[in-house]
2 protein chains.
Amino acid sequence: MTAPLPDIVLIGAGNVGFHLGKRLAARGMKPVQVFSRSEEPARRLGEALDTPFTNDIEAIRPEANLYILAVRDDAIGNVAARLAPLLSGRPLIVHTSGATPSSVLAGYTSHYGVFYPLQTFSREREVDFDTVPFCIDAAREADARMLEQVAQRISTRVYRIDDRQRAILHVAAVFVNNFTNHLLGIGQDILDREGLPFDLLRPLILETARKVQDHPPAAMQTGPAVRGDQATIERHLDYLDKFPAYRELYRLLTVNIQRNTKAN
Amino acid sequence: MTAPLPDIVLIGAGNVGFHLGKRLAARGMKPVQVFSRSEEPARRLGEALDTPFTNDIEAIRPEANLYILAVRDDAIGNVAARLAPLLSGRPLIVHTSGATPSSVLAGYTSHYGVFYPLQTFSREREVDFDTVPFCIDAAREADARMLEQVAQRISTRVYRIDDRQRAILHVAAVFVNNFTNHLLGIGQDILDREGLPFDLLRPLILETARKVQDHPPAAMQTGPAVRGDQATIERHLDYLDKFPAYRELYRLLTVNIQRNTKAN
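Since we're looking at a predicted model, the values are computed, not measured.

What counts and what doesn't
Residues numbered from 1 in each chain as written. Chains lettered and ligands numbered in written order. Predicted model: local features only at pLDDT ≥ 70, side-chain atom pairs only at ≥ 80, totals over all residues. Heavy atoms only, no water. Helix = DSSP H or I, 4+ residues; strand = E, 2+ residues; numbered from the N terminus. Buried < 20%, exposed > 50% of the residue type's maximum accessible area, 1.4 Å probe, protein only. Contact = heavy atoms within 4.5 Å. Pairing = 2+ DSSP bridges. Axes fitted to C-alpha atoms, helices over the stretch in contact; angles between N-to-C directions. Salt bridge = Lys/Arg side-chain N within 4 Å of Asp/Glu carboxyl O. Buried area = accessible area lost by both parts, 1.4 Å probe. Polar contact = N/O pair within 3.5 Å; in protein donor to acceptor, adjacent residues only side chain to side chain.

A look at the environment of A:Asn178
Then, in step 1: Among the structural elements, A:Asn178 can be located in helix H5 (residues 163-193).
Then, in step 2: The exposure class of A:Asn178 is buried, given its relative accessible area of 7%.
Then, in step 3: Each C-alpha atom of the pair A:Asn178 and A:Asn65 lies 35 Å from the other, and the pair is 113 residues apart in sequence.
Then, in step 4: Apart from residues lying up to four places away in sequence, A:Asn178 is in contact with A:Ala173, B:Gln221, B:Thr222, B:Gly223, B:Pro224 and B:Ile257.

Laid out in C-alpha cells, this is it:
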C-alpha cells in the first residue's frame, strides 16, 4: 500500500533547489510552490517549473505536507524559525544539507528530517539523478517512510543515514570532492605557470575517477610514492622549491601514501 | 607527402605495451614483433595481436624502423643498452615514460625520442585512445615528424613536449592522479571503518572529475575551507582526532585552499 504523494513546498532556489525542483516536477511531484528570499531566483525557478513562486515568507502556503529547505547551512535554523509558526497541521520539514544535523530543526517541530542528495550541483550542468545517493532521515518513522517514497521516485539509490553517519560522510566528501578539486587546481596552476595547456591532464583526471567506480582506490594507487621511487620524489621536490606550499603538500601526501603502503 | 608507416617493434607487454600494441594494430600499424622479458606476457600480447613474439632479446628483429620501449622506468637504460648493438641501420628508439628524460637513450643512439601517452592504463579497462594526449619528442626533427605521424593515427591529441616540460607535466600528474587517488582512498577508509558503503561517494567523485573537463578547478572549489566555515572545519578536525594522519592532511589542505582563496 502506497501513501499518496505529498504536496511539496520547495524553499530555496540555489543550485540544489533548482535541480531538485526540476527533478521532482519531472517525476510527478511538482512542488505546489517555490520560495526564495530573492525575487529573481524565485521567479526563475517558478517559471521553469510552471508553478507558483514567492519571495515573501509570509505568503508560503501553510497546508502542504512536506517543506524542503534547500538553503545555505547557516540559514536553515532561521528559515525554520520563521516558517514553522506559519504552517497548519503537522507537516514534515526537512533540509538538504550534509553538514548540518537534523536537530537544528527540532526546536520548531517534532516532524523534522533530512533529505540530502550526496552530489555537487552546478547551475549549468545537468545532474544524473538516477545515480545520486539520497541520504534520508526523520525523527519519526512514518516521516522517514514518506521521504523514502519521494526519494525512490527520483533516484535508484536511497539510504537511511542518521546525523552521526551523515557528519562522517561529510568529512569523507570533503576529502574526495573539495580536497581533490584543490589538487586538480594545483595541477592546473603548475601547468599555467609553465605555459602548458591543462587539457593535457583532463583525460587523466577523468580516468582516475572512472577507475574507482568499480575498484577500491587503494588498489589503484600508482606513482613514485607507492613504488618507493625516491629518485623521482627527490626530483619532484627539487622542482617544487619554487612552489613552497605545493612542496609541503607533496611531501605530506607522499609520506602518507608510503605509510599506508607499509601498513598493507 | 606522407612518409610510409614505420615497421614497429614493441618492447614490453605491461599495461602500456598491451594497450598501445592493440591500438597500433587497430590503426594499421601492427607491430612486426613484440618482446617481453617474460614468456607469458610476450605470448599473450603476441597472440592478441596475431604477431610474432619473443622473450629473447637476441631474437629481436634488427631491421625495423621504430623500437618502442614500453618498460619500467628503471629498465629503460638497460634495455636500450642491450638492444642498440643488435640493430641494423639507424632506427628510432623511443620510450613511453613521463618520468624519464629522453637523454637516458642518448648514449646508445643518436636517433632517440619519447612517445608518452599521458594516461593511466589498467589491464582490464579499455582505453579511449582518441582523447589520450600523446607527448612526443625526438632528438632529430625527422624522427619527431615520424612519431607525430604515428601518434596522429592513434589519437586526436598530439603535443610536442620536451624533457623539461614532460618533467613538469609528470609532477602535475602526480598531484591530479596519484595524490587525488590517495584522497579517494582516505574517503573509502573513513567510510569502511564506520560501516558506510563507499558507493555513497562514487557519483560525487565522478562528477568532481567531470566538472573540470570544461571548467578550471579553482572556479569549481566548494566546501567549508573556501567559504571560510570555521565551525564546520573545527567539527571535522574534532572527528579526525582518531585519524591523526588524515587530520594533518585535512589541516594542511584547508590552509592551502584558504591561502589560495585570499590570493585570488
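Notes on the sheet that holds strand E2 (residues 33-35) of chain B
Residue and element names in this part refer to chain B.
Then, in step 1: With mixed pairing, eight strands are arranged side by side in an open sheet as E3-E2-E1-E4-E5-E6-E7-E8. Since the sheet does not close on itself, it has two edges, and those belong to strand E3 (53-54) and strand E8 (158-160), each with one partner.
Then, in step 2: Pairing between strand E1 (residues 8-11) and strand E4 (residues 66-69): four bridges, direction parallel. By the bridge assignment for E4, Val-9 is matched with Tyr-67.
Then, in step 3: Packed onto the sheet, helix H1 (residues 15-26) meets E1, E4, strand E6 (112-117) and strand E7 (134-138) and runs at close to 160 degrees relative to E1.
Then, in step 4: Set on the sheet, helix H4 (residues 141-154) makes contact with E1, E4, strand E5 (92-95), E6, E7 and E8; between it and E7 the angle comes to about 160 degrees.

Brief notes about the pattern of salt bridges
Residue and element names in this part refer to chain B.
Then, in step 1: Going through the model one piece at a time under the given rule, you end up with 41 salt bridges over all chains.
Then, in step 2: In this structure, Arg-43 engages Glu-47 in a salt bridge whose closest nitrogen and oxygen atoms are separated by 3.9 Å. Placement of the pair is Arg-43 and Glu-47 together in helix H2 (residues 39-49), with a separation of four residues, close to one helical turn.
Then, in step 3: For Arg-43, a relative accessible area of 29% translates into the label partly exposed.
Then, in step 4: Linking Arg-166 and Asp-163 is a salt bridge whose minimum nitrogen-to-oxygen distance equals 3.0 Å. Linking Arg-166 with Asp-163, this pair stays in helix H5 (residues 163-193), spanning three residues, or about one helical turn.
Then, in step 5: Residue Asp-163 is classed as partly exposed on the basis of its relative accessible area of 23%.

Topic: the interface of chain A and chain B
Then, in step 1: Between chain A and chain B, the contact holds 86 residues from the first and 86 residues from the second.
Then, in step 2: With both chains or domains summed, chain A and chain B bury close to 8500 Å², and 66% of this area falls on carbon and sulfur atoms.
Then, in step 3: Where chain A packs against chain B, one counts 34 residue pairs in polar contact (both at pLDDT 80 or more).
Then, in step 4: When residues of the side of chain A that touches chain B are traced back to their parent elements, those giving at least two are H5, helix H6 (202-211), helix H7 (217-220), helix H8 (230-239) and helix H9 (244-263) of chain A.
Then, in step 5: Ranked by the residues each element gives to the side of chain A that touches chain B, the list is headed by H5(A), at 25 residues.

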